[in-house]
Amino acid sequence: MNPGDILAVRGKGFFARMILRATGGEVTHVGLVVSVDPALILEALIRVQTRPIKDAMRAAKDGYLLQPINFSAIECRSIVKEACRWSARSYGYGKILLHALDALVGTEWFSRHLAISNRPICSWLIAEAYRHEGYDFGEPSGSVTPGDIFAFAQAHPDKYRVIRLSTILSTCSQGLP
């Protein structure tokens with residue numbers, strides 16, 4: 001695990017099921033690894049915040065680490081720095097509404113054309129940080145979903161290594177370190 005890696009999780013609750021249904025993706029949330037010792041991620045929850053990776057994984061049904069291949073240490077630090085710029089910003093509930101409208105109508109028009117840039121959601125935060133270094137996930141930052149990021153990593157093994165974290169998840173759910 002390295003700073004700049006992406007933690008992609010599939011949540012357990014009602015909202016996770018709604019995200020899966022609306023997006024058709026395999027994961028419901030993404031966060032950015034910002035530190036390895038201690039293991040911390042930056043993620044958009046109620047606010048953009050940093051917390052231990054084990055806390056994020058406790059609330060997950062399944063998890064994956066998406067590791068960029070052939071990114072320099074400088075690029076990874078820049079991605080982390082860009083994402084941290086959004087720390088403490090309020091969550092983009094309006095963006096979630098736009099994604100819901102997209103899912104309802106079967107388009108990406110709302111999230112592509114009406115997105116509010118100063119209120120991040122998890123996938124936007126990751127996409128914007130990567131875009132800062134010239135990388136994308138095949139969709140504009142405003143319309144990318146956690147499932148899009150995960151699917152892009154799976155479809156591009158030349159760019160991302162996808163590691164399933166089920167062993168770590170079961171350890172965390174038992175309350176072990």
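The text that follows walks through the structure, step by step, so that each part is easy to find. Fair warning: this is a prediction, and the values are worked out from it, not measured in the lab. (Residues numbered from 1 in each chain as written. Predicted model: local features only at pLDDT ≥ 70, side-chain atom pairs only at ≥ 80, totals over all residues. Heavy atoms only, no water.)

What the rule picks out here adds up to 9 aromatic pairs. Relative to F137, the ring of Y130 lies with its centre 5.3 Å away and its plane at 55°, an arrangement referred to as tilted. Exposure class is identical for Y130 and F137. Each is buried. Seen in terms of ring centroids, F152 and Y160 are 6.3 Å apart; in terms of plane orientation they differ by 75°. Their pairing is edge-to-face. You'll find F152 and Y160 in the same group, each marked buried. (Phe/Tyr/Trp six-rings, centres within 6.5 Å; stacked < 30°, edge-to-face > 60°. Buried < 20%, exposed > 50% of the residue type's maximum accessible area, 1.4 Å probe, protein only.)

Bringing the side chain of S78 into the picture now. On the secondary structure map, S78 appears in helix α3 (residues 73-84). Accessibility expressed as a relative area gives 17% for S78, which makes it buried. (Helix = DSSP H or I, 4+ residues; strand = E, 2+ residues; numbered from the N terminus.)

Moving on, we come to the side chain of E75. Tracing the sequence through the fold places E75 in helix α3. Leave out the neighbours within four places in its chain, and E75 touches N70, E133 and Y135. (Contact = heavy atoms within 4.5 Å.)

What follows concerns unusual backbone geometry. The omega torsion of the bond from D37 to P38 falls at 10°, within 30 degrees of zero and hence cis. By the secondary structure assignment, P38 is in the loop between β2 (29-36) and β3 (39-44).

As a further point, take the nonpolar core. Of all hydrophobic cores here, the largest spans 32 residues; its most connected members are I6, L32, L66, I126, Y130, F137 and I149. When residues of this core are traced back to their parent elements, those giving at least two are β1 (6-11), β2, β3, β5 (60-68), α3, α6 (122-131) and α7 (146-155). When near neighbours in sequence (up to four residues on either side) are disregarded, I126 contacts I6, V30, G31, L32, F137 and I149. Core analysis: the next-biggest nonpolar cluster, separate from the first, contains 10 residues, L7, V9, I53 and M57 among them. (Core = buried A, V, L, I, M, F, W, Y, C linked by side-chain atoms within 4.5 Å.)

On to the pattern of salt bridges, then. Scanning the model with the defined rule gives 5 salt bridges in all. Its salt-bridge partner being R85, residue E82 comes within 3.1 Å of it at the nearest N-O pair. Among the residues examined, E82 registers a relative accessible area of 12% and is labelled buried. For R85, a relative accessible area of 48% gives the class partly exposed. Of the charged contacts, one joins R131 and E128 as a salt bridge, the two residues approaching to 2.8 Å between their closest N and O atoms. Here the residue R131 and the residue E128 both occupy positions in helix α6, the gap between them amounting to 3 residues, near one helical turn. (Salt bridge = Lys/Arg side-chain N within 4 Å of Asp/Glu carboxyl O.)

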